[in-house]
Amino acid sequence: MVVAISLGTLPFAPIGAWGMDMPPGMKMPGMNMQAGVTSTQVAGDYRIELHVLPPEPFYTTADVAARHLTQGMLITGGATPLEPTGTPPPNHHLIVHVFDGKSGQTLVDAKVALSFRPLDATGRPAGKTVVVPVVEMQAIGSGSASTHYGNNVVIGPGAYRVTVTVNGTAATFRIKL
Ligand SMILES: [Cu+2]
């Protein structure tokens, strides 16, 4: 069960919009949208969409060409991907799409940092911050408009604070998995 939680019941001030689900029928090209948390926040000049999805395989441009791939992630830069076959096996694809707040254009060259920290039942930090090595990627076949940032991750059930920094502007999300 994967749900976005509202800050209304937690003992800290809301930071932004919460738990905004994708409208029915709206689909990220090439992205697997099943069982995903989607939450959107405006931070500075940016609109940041956080998605928690099932793990995805990563491929290079050469892989895509040689194997005529039509699904999965095309690596366009950044850190080393954690493959679905990694040890321990990742259970989520934690990523952000970043848009220009005014034009709505996808940011294709943002400097993105991503981390998460477990929260206890009262919403207080209850463990170490995990820094996610950020891969820059596209959905195969969907082009630069599908650019997003993140990686496959191992995250157990529970509540988390996810911190996203885009070109130095930070946004904080709270999610429950
Ligand atoms: Cu991806």
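Colleague: Please set out the coordination of the copper ion residue by residue, giving values where relevant.
Modeller: At 2.0 to 2.4 Å from the copper ion lie its protein donor atoms, namely M73 (SD), H93 (NE2), M137 (SD) and H148 (NE2). For the copper ion, the four donor atoms are set out with angles of 92 to 139° between them, so the coordination reads as irregular. Here the donor residues of the copper ion are spaced in sequence according to M-x19-H-x43-M-x10-H. Of this pair, H93 sits in strand β6 (residues 92-100) while H148 sits in strand β10 (residues 148-153), placing them 55 residues apart in sequence.

Colleague: Kindly report on the pairing of strand β12 (residues 169-176), identifying the contributing residues and their values.
Modeller: Across eight bridges, the pairing between strand β11 (residues 159-166) and β12 is antiparallel. Residue V166 lies in a different strand from β12, and its bridge partner there is T169. Hairpin connection from β11 to β12: two residues lie between these consecutive antiparallel strands, with N167 at a positive phi of about 50°.

Colleague: Help me get a handle on the sheet that holds β6, residues and values and all.
Modeller: Here we have seven strands laid out as an open sheet, ordered β2-β3-β6-β10-β9-β5-β4, and mixed in their pairing. Each of the sheet's edge strands pairs with one partner strand only, and the pair in question is β2 (37-43) and β4 (58-59). Where β6 and β10 come together, five bridges link them in antiparallel fashion. In the sheet register, L94 faces β10, and the bridge partner there is N151.

Colleague: Break down the confidence of the model for the protein for me, citing the residues and quoting the values.
Modeller: Overall, the predicted model of the protein reaches an average pLDDT of 85, with 80% of residues at or above 70. Between residues 6-34, whose pLDDT stays under 50, and residues either more than four places distant or in other chains, the model counts 59 contacts.

Colleague: Please give an account of the packing of aromatic side chains that cites residues and values.
Modeller: One pass over the full model with this rule turns up one aromatic pair. Ring geometry for F116 and Y160: centres 5.7 Å apart, planes at 85°, overall edge-to-face. Pair noted here: F116 is in strand β7 (residues 112-119) and Y160 is in strand β11, with a separation of 44 residues, a long-range link. According to the relative accessible area criterion, Y160 is buried, its value standing at 8%.

So, how was this worked out
Residues numbered from 1 in each chain as written. Predicted model: local features only at pLDDT ≥ 70, side-chain atom pairs only at ≥ 80, totals over all residues. Heavy atoms only, no water. Donors = N, O, S within 2.8 Å, 3.2 Å for Na, K, Ca; no water. Tetrahedral: all angles 85-135°; square planar, octahedral: opposite > 155°, others 65-115°. Helix = DSSP H or I, 4+ residues; strand = E, 2+ residues; numbered from the N terminus. Pairing = 2+ DSSP bridges. pLDDT = per-residue confidence, 0-100. Contact = heavy atoms within 4.5 Å. Phe/Tyr/Trp six-rings, centres within 6.5 Å; stacked < 30°, edge-to-face > 60°. Buried < 20%, exposed > 50% of the residue type's maximum accessible area, 1.4 Å probe, protein only.

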